[in-house]
Amino acid sequence: MVTSENHNWGSYSMLLGFKYHDNVANGRDYAYQLITVPSGLTTVKLSFWYHLFTEDSVAYDWFAVYVAPVGGDPVLKFKKGGVDYPGWEVYGWKQEAIDISSYVGQSIYIYFEVANMYDTLFKTWCYLDDVTATDNWIFDSEIGLRTVNGRHDFVFLWSCGTANEAQIGGISGTHTWGMAASWLKRTALSLDGYANPDGSRHCFIGWQYYSKPFTEPTGKYSFTYRTFATMFYYYALVKGYTINQALDKASINYIGAPFNETQIYNGYDYNGFLSKIRVWGDGSMTLP
Ligand SMILES: [Ca+2]
Ligand SMILES: [Ca+2]
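Residues numbered from 1 in each chain as written. Chains lettered and ligands numbered in written order. Predicted model: local features only at pLDDT ≥ 70, side-chain atom pairs only at ≥ 80, totals over all residues.

Engineer: Would you take a moment to explain the pairing of strand 14 (residues 203–208) for this structure?
Structural biologist: The side chains of a regular strand alternate between both faces of the sheet. With respect to burial, strand 14 is a largely interior element, six of its six residues being buried. With three bridges connecting them, strand 11 (residues 154–156) and strand 14 associate as parallel partners. Along strand 14, the bridge assignment pairs Val-155 with Phe-204. Direction of pairing for strand 14 relative to strand 16 (residues 273–281): antiparallel, over a ladder of six bridges. (Buried ≥ 20, exposed ≤ 12 C-beta atoms within 10 Å, placed from the backbone. Helix = DSSP H or I, 4+ residues; strand = E, 2+ residues; numbered from the N terminus. Pairing = 2+ DSSP bridges.)

See below:
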């Protein structure tokens, strides 16, 4: 069922399983979607967010995801079970991404399933939200494995969701999460490094929620946000301005107002999400 009682983004999610239905021994509640993975792509990932509730043990009930090529057998791609009997566990929302690059050029069924096995005791159900299949994924944790500690002092990611405050990230040994932590290998950053530069000589710029398309006009003449971003780099790298000065100069010339008077700094609503550029760390630094 579609429900508004628990969701990750937006107002709704899909509820699978036996929350409102009597338990069925060896019952499987499922939903599926046929998609075609376009040929010519190299890295394609299926991403989804799930929130699993279970009263049962890992051996008896689970949430699982299968991929089945048309005319082929389903292949188990993800499985998450409960806790040891007599557990009662509420997991938070979690994102999972499955590599489906091997299905490029094929049509596949994607199955999401909640299984209640063997008996009618102890219910299990799962909410599912934000299912997407996209190419050219870059994972924060994979970046963290490939970046050298102390090497990256400035990073600007013009991409959705790269600077949501709850996702500034963290570092645990070689494992990192969040784009800022994965690139800069640090999380102690001013959360408004434009208004309050922290003097750390480390700066991460990203987008909270939705980023502006490069092709979108800024409102000044026929300039687009591509021009703004390009000229930011020109002022920062060629002219030797500080990050803040380069943001302001590009903003005045190609958006029509200082950076802190623009909607990309102050935020604009997109699909109910306050979206904006976030400057974390030291906006007063200059780039070598
Ligand atoms: Ca939703
Ligand atoms: Ca059960």
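Engineer: How should I be thinking about the nonpolar core in this particular structure?
Structural biologist: Most often, soluble globular proteins have nonpolar side chains that are buried together. In terms of nonpolar packing, the biggest core is built from 30 residues, with Ala-180, Cys-203, Phe-204, Leu-247 and Trp-280 touching the most fellow members. At the level of elements, helix 2 (179–184), strand 14, helix 3 (225–238), helix 4 (243–254) and strand 16 are the ones that each hand at least two residues to this core. Discounting residues that sit within four places of it in the chain, Ala-180 has contacts with Ala-163, Ile-168, Gly-169, Thr-187, Leu-189, Phe-204 and Trp-280. Core analysis: the next-biggest nonpolar cluster, separate from the first, contains 24 residues, Phe-53, Trp-62, Phe-63 and Ile-110 among them. (Core = buried A, V, L, I, M, F, W, Y, C linked by C-beta atoms within 7 Å. Contact = placed C-beta atoms within 7 Å.)

Engineer: What exactly am I supposed to notice about the sheet that holds strand 14 here?
Structural biologist: Reading across the sheet, the four strands line up as 11-14-16-15 and stay open at both edges, with mixed pairing between neighbours. Of all the strands in the sheet, the pair left with one neighbour each is strand 11 and strand 15 (268–270). Across the sheet, the mean angle separating the axes of adjacent strands is 25° when strand polarity is ignored. In the sheet, strand 15 pairs with strand 16 via three bridges, with the strands oriented antiparallel. Each bridged residue has a counterpart across the sheet, and for Tyr-270 the counterpart in strand 16 is Phe-273. (Axes fitted to C-alpha atoms, helices over the stretch in contact; angles between N-to-C directions.)

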